[in-house]
Amino acid sequence: MNNISQPFYTFPSPAKLNLFLHIVGRREDGYHELETLFQFLDYGDLIEISTTTSSNEINLLTPIAGVSNHDNLMVKAAILLQNYTNCSAGAYLKIKKILPMGGGLGGGSSNAATVLLALNVLWKLNLSIQTLSKLGLSLGADVPIFINGYAALARGVGEQLSAVYPKEYWYLVTKPDVHISTATIFNDKNLPRNSPRLTSNDVEIESCRNDCETLVINRYPEVAKLLTWLVEYAPSRMTGTGACIFSRFTTRKEALLIQSKLPQGIESFVAQGINQSNLHSTLAEIALTIPPNN
Ligand SMILES: C[C@](O)(CO)[C@H](O)COP(=O)(O)OP(=O)(O)OC[C@H]1O[C@@H](n2ccc(N)nc2=O)[C@H](O)[C@@H]1O
Ligand SMILES: Nc1ncnc2c1ncn2[C@@H]1O[C@H](COP(=O)(O)OP(=O)(O)OP(=O)(O)O)[C@@H](O)[C@H]1O
């Protein structure tokens, strides 16, 4: 039996969209240099955390199918933070997994960022956003944007962030029935890697693109077919290395209407693009409720 005496606090772990993604070069270590515009969605996983001082164990009470607890980015994030701060407290973690995995929505990275930010508050570590971002980057290139919590134009591998304020449209997000590995796409010899660098941060999203899209369409007919269907109704583009596609609408109602017409069997959801992650407001609220000697 687990001896859980402290309350569970619930934290959102939102999805991200890459409103565009340009590959502008490749570093010597093989990682790609990107220019990408990140926006959050008001939609994602929910993570519950309870802390303990009686042991330093990290217990994930809701394993994710296909991912061992040892490899789960939530557990890795908690252990990384413990080791970095010599913290002797432990934690019980639970997740309600809502985001599709391997969809380009950044679910795993978002989970890691939520755990880092939440335990920083619950364990009272007081690490800065900069320090948490640096720690998070060692877990995944998408972790820093979730730690940062604001929509941003990202450079480098996604860790050099400049604040931007794209319009907060409604999106129909669809997932063709394929799992795409980020590493497979980035390692493909046919991936274009030489987009010109942007000359300013003030960019027209429509005139940009996702440099992974053509390759993914050529390799995965399911993605090609769905994208061809969607562009008849709304501007549509792939996020990350796929497979999810986001279609842009001015209102929720329009997005729901097209969702109702989707071909059978396509996983989908409707959500709004938001320029501030909903995790950050929750963190501020919870920080106020924690007793000083907890
Ligand atoms: C595609 C994006 O989601 C766009 O936001 C990210 O660039 C990917 O971020 P991520 O899933 O957190 O990726 P990581 O877990 O750091 O890397 C997975 C693999 O993708 C490749 N990779 C990743 C990011 C990057 N800028 N260049 C790469 O070549 C590397 O082979 C790496 O081994
Ligand atoms: N907590 C977690 N949630 C989801 N995936 C995890 C988690 N921990 C480890 N993983 C691993 O990470 C892989 C990628 O999952 P994720 O949902 O982050 O993909 P993604 O949305 O394509 O990411 P990105 O957009 O960053 O490329 C999964 O297939 C799984 O093996």
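Residues take numbers from 1 onward in each chain, read along the sequence in its written order. Here the convention is simple: chains get letters from A, ligands get numbers from 1, in the order in which they are written. Note on the predicted model: pLDDT of at least 70 is required for a residue's local features to be given, and 80 or more for side-chain atom pairs to be given and counted; whole-chain, interface and lining totals, by contrast, use all residues.

J.: Before we move on, could you go through the overall build of the chain and cite the residues and values that matter?
T.: Across its full length, the chain holds nine helices and 10 strands. Relative to a compact globule of 294 residues, whose C-alpha radius of gyration would be 19 Å, the chain shows 19 Å and is just as compact. A principal-axis box enclosing the C-alpha atoms of the chain has dimensions of 55 × 45 × 35 Å. Three exposure classes are used, all based on how many other C-beta atoms lie within 10 Å of a residue's own C-beta (placed from the backbone): buried at 20 or more, exposed at 12 or fewer, and partly exposed between those limits. Expressed as a percentage of its 294 residues, the buried residues of the chain come to 40%. Starting at the N terminus, helices and strands are each numbered in turn, a helix being any DSSP run of H or I of at least four residues and a strand any DSSP run of E of at least two. Throughout, the radius of gyration refers to the C-alpha atoms, and the reference size of a globule is 2.2 Å times the residue count to the power 0.38.

J.: Go over the UniProt feature "domain: GHMP kinase N-terminal" (unreviewed entry) in the chain, please, and point to the residues and values.
T.: UniProt positions are given in the numbering used here, feature names are shortened, and annotations may be inferred rather than shown by experiment. As annotated in UniProt, the feature "domain: GHMP kinase N-terminal" (unreviewed entry) corresponds to residues 72-149 in the numbering used here. End C-alpha atoms of residues 72-149 are separated by 22 Å, and the span's content is 56% helix alongside 9% strand.

J.: Now, about the site of ligand 1: what can you tell me, with residues and values included?
T.: We call a residue near a molecule or strand when its C-beta atom, built from the backbone, sits within 6 Å of it. Surrounding ligand 1, one finds 19 residues, the nearest of these being H32, G140, A141, F186 and G240. Of all the secondary-structure elements, those providing two or more residues to the shell around ligand 1 are β1 (9-26), β2 (32-52) and α5 (182-186). Among the residues making up the shell around ligand 1, the classes are represented as seven nonpolar, 11 polar and one charged. Here the bounds of each domain stem from an automatic or database domain assignment. Counting contributing residues, the shell around ligand 1 receives three or more from each of domain 1 (9-164 + 276-289) and domain 2 (170-274). Gly is placed with the polar residues, together with every amino acid not listed as nonpolar (Ala, Val, Leu, Ile, Met, Phe, Trp, Tyr, Cys and Pro) or charged (Asp, Glu, Lys and Arg).

J.: Explain the site of ligand 2 residue by residue, including any values.
T.: As a structural note, the neighbourhood of ligand 2 is formed by 20 residues, with L73, G107, G108, N111 and G240 the closest of them. Those elements giving two or more residues to the shell around ligand 2 turn out to be α1 (73-85) and α2 (107-122). Its residues assigned to classes, the shell around ligand 2 comprises six nonpolar, 12 polar and two charged.

J.: Describe the nonpolar core, with residues and values.
T.: For the purposes of this analysis, a nonpolar core is taken to be any set of buried Ala, Val, Leu, Ile, Met, Phe, Trp, Tyr and Cys residues that are connected through C-beta atoms within 7 Å. By size, the foremost hydrophobic cluster in this structure holds 70 residues, and its most contacted members are M74, A78, V115, L116, L119 and Y171. Element by element, the count of residues in this core is highest for α2, at eight residues. Three or more residues apiece are contributed to this core by two domains, here domain 1 (9-164 + 276-289) and domain 2 (170-274). In this view, V115 contacts I47, M74, A77, A78 and L93; residues no more than four positions away in its chain are not counted. A pair of residues counts as a contact when their C-beta atoms, built from backbone coordinates, are within 7 Å of each other.

J.: For the packing of α2 against helix α3 (residues 129-137), give the residues involved together with the corresponding values.
T.: At a minimum axis separation of 10 Å, α2 and α3 run at an interaxial angle of 140°. The chirality of how α2 crosses α3 is right-handed. On α3, the residues touching A112, A113, L116, L117 and N120 of α2 are L132, L135 and G136. Looking at the contact of α2 with α3 residue by residue, the classes come out as six nonpolar, two polar and no charged. Structural elements are reduced to axes, namely lines fitted to C-alpha atoms, with helices fitted over the stretch in contact, and the angle between N-to-C directions of any two is expressed from 0 to 180 degrees. Each helix crossing is assigned a hand: it is left-handed if the near helix lies turned anticlockwise from the far helix by less than a right angle, otherwise right-handed if that turn is clockwise.

J.: Explain the UniProt feature "active site" (unreviewed entry) in the chain residue by residue, including any values.
T.: Mapped onto the present numbering, the UniProt feature "active site" (unreviewed entry) falls at K16 and D142. Of the residues just listed, which span 127 residues, no C-alpha pair is farther apart than 9.1 Å, and they cluster in one region. For K16, the position within the fold is in strand β1. Leaving out residues up to four positions away in the same chain, K16 has contacts with F38, Q39, F40, L105, G106, S110, D142 and I145. Considering the arrangement of structural elements, one finds D142 in the loop between α3 and α4 (143-148). D142 has contacts with K16, G106, S109 and G158, leaving out every residue within four places of it along the chain.

J.: Lay out the environment of R26 in plain terms, naming residues and giving numbers.
T.: In this fold, R26 is placed in strand β1. With 14 C-beta atoms counted inside 10 Å, the residue R26 sits in the partly exposed group. Sequence separation between R26 and V157 is 131 residues, and the spatial gap between their C-alpha atoms is 9.5 Å. The contacts of R26, once residues within four sequence positions are left out, are H32, E33 and R193.

J.: Break down the confidence of the model for the chain for me, with residues and values.
T.: pLDDT measures the predictor's confidence residue by residue and takes values from 0 up to 100. When pLDDT is averaged along the chain, the result is 96, and 99% of the positions lie at 70 or above. The ipTM for the predicted assembly is 0.95, set against a pTM of 0.96.

J.: Describe unusual backbone geometry, and please don't skip the residues or the numbers.
T.: Between G242 and the following residue, A243, the backbone shows a cis peptide bond with an omega angle of 5°. Structurally, the position occupied by A243 is in the loop between β8 (236-238) and β9 (245-249). We note that N86 has phi near 55°; this positive angle belongs to a residue other than glycine. Tracing the sequence through the fold places N86 in the loop between α1 and β4 (90-96).

J.: Lay out helix α7 (residues 221-230) in plain terms, naming residues and giving numbers.
T.: Because an α-helix packs 3.6 residues into every turn, residues spaced three or four apart end up facing the same way. Turning to α7, its buried residues number three or more, namely V223, L226, L227 and L230. Here the buried residues of α7 occupy an arc of 100° about the axis, which is enough to place them on one side. Facing away from the buried side of α7, by more than 90 degrees, are the exposed residues P221 and T228. Buried residues belonging to α7 abut β7 (170-175), α6 (213-219), β8 and β9. The arc in question is the one spanned by the directions pointing from the helix axis to the C-beta atoms.

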